[in-house]
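# Understanding the architecture of this molecule
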Amino acid sequence: MTTAQTQELDVQPTPLALLLLGREADPKSERGVECPGDLPSPSDPDLVARARAAKEKLGDKVFVLGHHYQRDEVIQFADVTGDSFKLARDAAARPEAEYIVFCGVHFMAESADILTSDDQKVVLPDLAAGCSMADMATAEQVAECWDVLTEAGVAEQVVPVSYMNSSADIKAFTGKHGGTICTSSNAQRALEWAFQQGEKVLFLPDQHLGRNTAVRDMGMSLDDCVVYNPHKPNGGLTVEELRAAKMILWRGHCSVHGRFSLDSVNDVRERIPGVNVLVHPECRHEVVAAADYVGSTEYIIKALEAAPAGSKWAIGTELNLVRRLANRFAPEGKEIVFLDKTVCFCSTMNRIDLPHLVWALESLAEGNLVNRIEVDKETEAFAKLALERMLALP
């Protein structure tokens, strides 16, 4: 339907429709999703040339970060690639760059702003590029959870450990309450540290990483874990359950990794005899238990780099990365397939496309600062405290 036809019918776009289009902001959300300005057409054949020209004009003033899950059309312009924490640290190591263009999602850009200097400006090409997992834990919900733990008489025994995939507000809560941040690579070290500080851990916001680390890597039982559901009174837990638990897991998950199932593992083993199943620890516990190898994004890449020619691999992580790795290692005779038959990109990560990147770079080249991500000073201070505790882990 054309705009003219819409006007004739006196049909107005709903707030939800505008939000999904990235044209408005959600006042109830912790992150803005307004996307101002006119984007280049995705069919513009000159987009690649325009991106190159804008980046060249900016020179050393701009540093482009590309997360592993980004589209190929975007990742080609990244100065460095990596996972969220590696990229944030890379940005902090480039103080001469006035603009940090983060091709990732909102919480990653926040982390970059926290770790970079006040003179550097972090830009997210599309403010609607969020993270469904990070959005599953809001500051208000976590504060309410702490009240529940306090009323149950266990808060003083609890140390919060928050996954890197969380908002700056959640990182700040963690820092304020004596906790630390973790990545999928160092989650075990973070939990070991936390249990030296207290008797229980509140793990935010990904229940699967918390459960897999506690049970698979640290020898706890599933009975040691309970799931706090922020949408139920008292998290859906009794006082007795909270007092008995060692791991209080937030009811959050990754929409991509949560799709993989035990059936996916069994099916790929049947279809490809001798296949190695390699999955990310954000997958469900039964998937991790059935896999041959489990590790972070960087672990997955290194495992495939070291794999012998002719080996077969089914990878349980985001499809953009799996497809890129399959193409990279095909000349070496390595067969790499996506673990599930269902195509599953990270939909919010994919909001950073070439038109948005071109728009951001050209705006900066013209002297117009757009889509800046800026964390307030108090939040930044407590979030940085939690990050520094992670950096100090042995």
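Reference entry: report on the structure contained in this document.

Rules behind the numbers
Residues numbered from 1 in each chain as written. Predicted model: local features only at pLDDT ≥ 70, side-chain atom pairs only at ≥ 80, totals over all residues. Heavy atoms only, no water. Helix = DSSP H or I, 4+ residues; strand = E, 2+ residues; numbered from the N terminus. Rg over C-alpha atoms; globule rule 2.2 N^0.38 Å. Buried < 20%, exposed > 50% of the residue type's maximum accessible area, 1.4 Å probe, protein only. Contact = heavy atoms within 4.5 Å. Salt bridge = Lys/Arg side-chain N within 4 Å of Asp/Glu carboxyl O. Pairing = 2+ DSSP bridges. Phe/Tyr/Trp six-rings, centres within 6.5 Å; stacked < 30°, edge-to-face > 60°. Axes fitted to C-alpha atoms, helices over the stretch in contact; angles between N-to-C directions. 1 Å grid on protein atoms, 1.4 Å probe; cavity = no way out; pocket = protein on both sides within 12 Å on 5 of 7 lines; lining within 4 Å. Points joined across faces, edges and corners; volume = space filled by probe spheres on them. Parallel < 35°, antiparallel > 145°, perpendicular 65-115°, else oblique. Nonpolar A, V, L, I, M, F, W, Y, C, P; charged D, E, K, R; others polar.

## Points about the overall build of the protein
- Per the secondary structure count, the protein includes 17 helices and 14 strands.
- Here the C-alpha atoms of the protein give a radius of gyration of 22 Å, agreeing with the 21 Å that 2.2 N^0.38 yields for 394 residues.
- The C-alpha extent of the protein, read off along each of the three principal axes, is 60 × 55 × 50 Å.
- Every one of the 394 residues in the protein was classed for burial, and the buried ones make up 55%.
- Sequence separation of 24 or more characterises 67% of the internal contacts of the protein that already satisfy a separation of 6 or more.

## Quick look at the pattern of salt bridges
- One pass over the structure, following the stated rule, counts 17 salt bridges.
- When the shortest N-O distance is used, the salt bridge between K61 and E98 registers 3.8 Å. Here K61, found in the loop between α3 (47-58) and β1 (62-67), pairs with E98, found in the loop between α5 (84-92) and β3 (99-103); they are 37 residues apart in sequence, far enough to count as distant.
- Note that D126 is salt-bridged to R351, the shortest N-O span being 3.2 Å. A residue pair is termed long-range when its members are at least 10 positions apart, and D126 in the loop between β4 (121-123) and α7 (139-151) and R351 in the loop between β13 (335-338) and α16 (354-365) qualify at 225 residues.
- Judged by relative accessible area, which is 1%, D126 ranks as buried.
- Overlapping salt bridges bring together D44, R50 and E362 as one network.

## Brief notes about the environment of T180
- Looking at the element boundaries, T180 is found in strand β6 (residues 180-182).
- On the basis of relative accessibility, which here comes to 0%, the residue T180 falls in the buried class.
- Sequence-wise, T180 and D90 are 90 residues apart; in three dimensions their C-alpha atoms are separated by 20 Å.
- With residues up to four places along the chain from it excluded, the contact list for T180 reads P160, V161, S162, T174, A190, W193, A386, R389 and M390.

## Topic: the pairing of strand β12 (residues 312-316)
- Within β12, four of the five residues are buried, leaving the element largely enclosed by the surrounding structure.
- Note: strand β10 (residues 276-279) against β12, four bridges, orientation parallel. When the bridges of β12 are listed, V279 appears paired with G316.

## Observations concerning the packing of aromatic side chains
- Within the structure shown, the criterion is met by four aromatic pairs.
- With 5.3 Å between their ring centres and 25° between their planes, Y228 and W250 make a pair best called stacked. Of the two residues, Y228 is situated in strand β8 (residues 225-228) and W250 in strand β9 (residues 247-250); the sequence distance between them amounts to 22 residues. Pair check on accessibility: Y228 and W250 agree, each one buried.
- With centroids separated by 5.6 Å and ring planes inclined at 40°, the aromatic side chains of Y293 and W313 adopt a geometry described as tilted. Of this pair, Y293 sits in strand β11 (residues 293-294) while W313 sits in strand β12, placing them 20 residues apart in sequence.
- Given a relative accessible area of 6%, W313 falls into the buried group.

## Details of the sheet that holds strand β2 (residues 80-82)
- Here we have five strands laid out as an open sheet, ordered β2-β1-β3-β4-β14, and mixed in their pairing. Here the strands that pair on one side only, and so sit at the sheet edges, are β2 and β14 (372-373).

## Some words on the sheet that holds β8
- Spatial ordering of the open sheet is given by β6-β5-β7-β9-β8, a layout of five strands whose pairing is parallel. Strands at the two margins of the open sheet, each flanked by one partner only, are β6 and β8. The mean angle between the axes of side-by-side strands here comes to 25°, regardless of whether they run parallel or antiparallel.
- The sheet contacts of helix α8 (residues 168-176) involve β5 (158-163), β6 and β7 (200-204), and relative to β5 the element is tilted by about 150°.

## Examining the layout of surface pockets
- Each pocket or cavity is described by its volume, and for the second largest pocket that value is around 380 Å³.
- Every residue lining the second largest pocket is counted, 30 residues in all, and those nearest its centre are Y69, F107, M108, N165 and E282.
- For the lining of the second largest pocket, the secondary structure elements donating two or more residues are α5 and α6 (106-115).

## Observations concerning the packing of α6 against helix α17 (residues 377-391)
- Contact pair α6 / α17: the axes reach a minimum separation of 10 Å and the direction vectors enclose 90°. Considered as vectors, α6 and α17 are oriented roughly perpendicular to each other. Contact with α6, carried on its side by D113, I114 and L115, involves E380, A383, K384 and L387 of α17 and no other residues of that element.
- Residue classes in the contact of α6 with α17 are distributed as four nonpolar, no polar and three charged.

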